[in-house]
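Remarks on the overall topology
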Amino acid sequence: TATAREQLERTLRSGELSADQLVSAAQLLVSQGDYRGGVQVLAGRASLEDAPREGLILLATLYAHVGEYERALEICTPLLDDPQLDVIELAAGLTAALGHMDAAQGILDRASSIAADPAIVAIVRARFANRWISPEEGMQGFWRAVTVAPKRVETWLALLDVVVPR
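Residue positions are counted from 1 within each chain, in the order its sequence is given. In view of the model being predicted, local features appear only for residues whose pLDDT reaches at least 70, and side-chain atom pairs are presented and counted only at 80 or more, with totals across whole chains, interfaces and linings using the full set of residues. Side-chain figures throughout are based on the complete set of non-hydrogen atoms in the structure, without hydrogens or water.

What follows deals with the environment of Thr11. Secondary structure elements follow DSSP: runs of H or I no shorter than four residues count as helices, runs of E no shorter than two count as strands, and numbering proceeds from the N terminus. Within the fold, Thr11 resides in helix H1 (residues 2–14). The exposure class assigned to Thr11 is partly exposed, which follows from its relative accessible area of 27%. Distance from Thr11 to Ala25, taken between C-alpha atoms, is 9.4 Å for residues 14 residues apart in sequence. Exposed residues in this analysis have more than 50% of their type's maximum accessible area, buried residues have under 20%, and partly exposed residues fall in between, with area computed by a 1.4 Å probe over protein chains only.

Printed below as a string of structure tokens:
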């Protein structure tokens, strides 16, 4: 509603929000479809050095959503020093979006060297293949994920997401 939006904007202008509260405010704006507003809240108010990891990932995702892939990748790159699967997937996708497939594959290959659930790694690889290589290769990847963990709901849901579009 307009009243809630006015209150949020008044709160943001106060400059008294913590980094975590800024992330929540950006998420609220995004839930209302205001991606640029989310970018402005996070980029304009939070020091990138002090921002929580979740906020940096959200900011990079929002930059990507508005087509600013290079800026998004700048934010992700330092997070790859201590990589986790979500950052690997995001950075690989951003790198592919910029047309650097070999580098994107190299980033994606880091998933094999971290302590991560093999089924989830297989899903990440399949999503990447589906989006950036070909739907056929993606489908093969989703079936590999199901083969790795046939009793896991996540693998079947990932496969269904591509078989039965929403």
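Candidates for patches are residues over 30% relative accessible area with no salt bridge; among them, like charges are joined within 9 Å and nonpolar side chains (Val, Leu, Ile, Met, Phe, Trp, Tyr) within 5 Å. Method for areas: the Shrake-Rupley scheme with a 1.4 Å probe, in which residue coverage is limited to the protein chains shown. Throughout this description, the term salt bridge denotes a Lys or Arg side-chain nitrogen within 4 Å of a carboxyl oxygen of Asp or Glu. On the surface, Val153, Leu157, Leu160, Val163 and Val164 cluster together into a nonpolar patch covering about 440 Å² of accessible area. Note that Val153 resides in helix H10 (residues 153–163).

Looking now at the pattern of salt bridges. All told, the structure shown has seven salt bridges when counted by the stated rule. The partner of Arg53 in a salt bridge is Asp86, and the shortest N-O contact between them spans 2.7 Å. Residue Arg53 is located in helix H4 (residues 53–65), and its partner Asp86 is located in helix H6 (residues 85–97); the two are separated by 33 residues in the primary sequence. Since its relative accessible area comes to 28%, Arg53 is described here as partly exposed. Close ionic contact of Arg127 with Glu89 constitutes a salt bridge, the shortest N to O distance being 2.7 Å. Within this pair, whereas Arg127 is found in helix H8 (residues 118–133), its partner Glu89 is found in helix H6, the two being separated by 38 residues in sequence.

It is the contact of H4 with H6, at a shortest axis distance of 11 Å, that shows an interaxial angle of 20°. The angle between H4 and H6 falls in the class roughly parallel. The hand of the H4/H6 crossing is left-handed. In contact with Arg53, Ile57, Ala60, Thr61 and Ala64 of H4, H6 contributes Asp86, Val87, Leu90 and Leu94. Here the contact of H4 with H6 is built from residues that sort into six nonpolar, one polar and two charged. Lines fitted to C-alpha atoms define the axes, with helix axes restricted to the stretch in contact, and inter-axis angles between N-to-C directions lie between 0 and 180 degrees. Each angle gets one of four labels, with under 35 degrees taken as roughly parallel, over 145 as roughly antiparallel, 65 to 115 as roughly perpendicular, and the rest as oblique. Two helices cross in a left-handed way if the nearer one is turned anticlockwise from the farther one by less than a right angle. They cross in a right-handed way if the turn is clockwise. The contact criterion used throughout is that any non-hydrogen atoms of two residues lie within 4.5 Å. For this classification, the nonpolar set comprises Ala, Val, Leu, Ile, Met, Phe, Trp, Tyr, Cys and Pro, the charged set comprises Asp, Glu, Lys and Arg, and every other residue, Gly included, is treated as polar.

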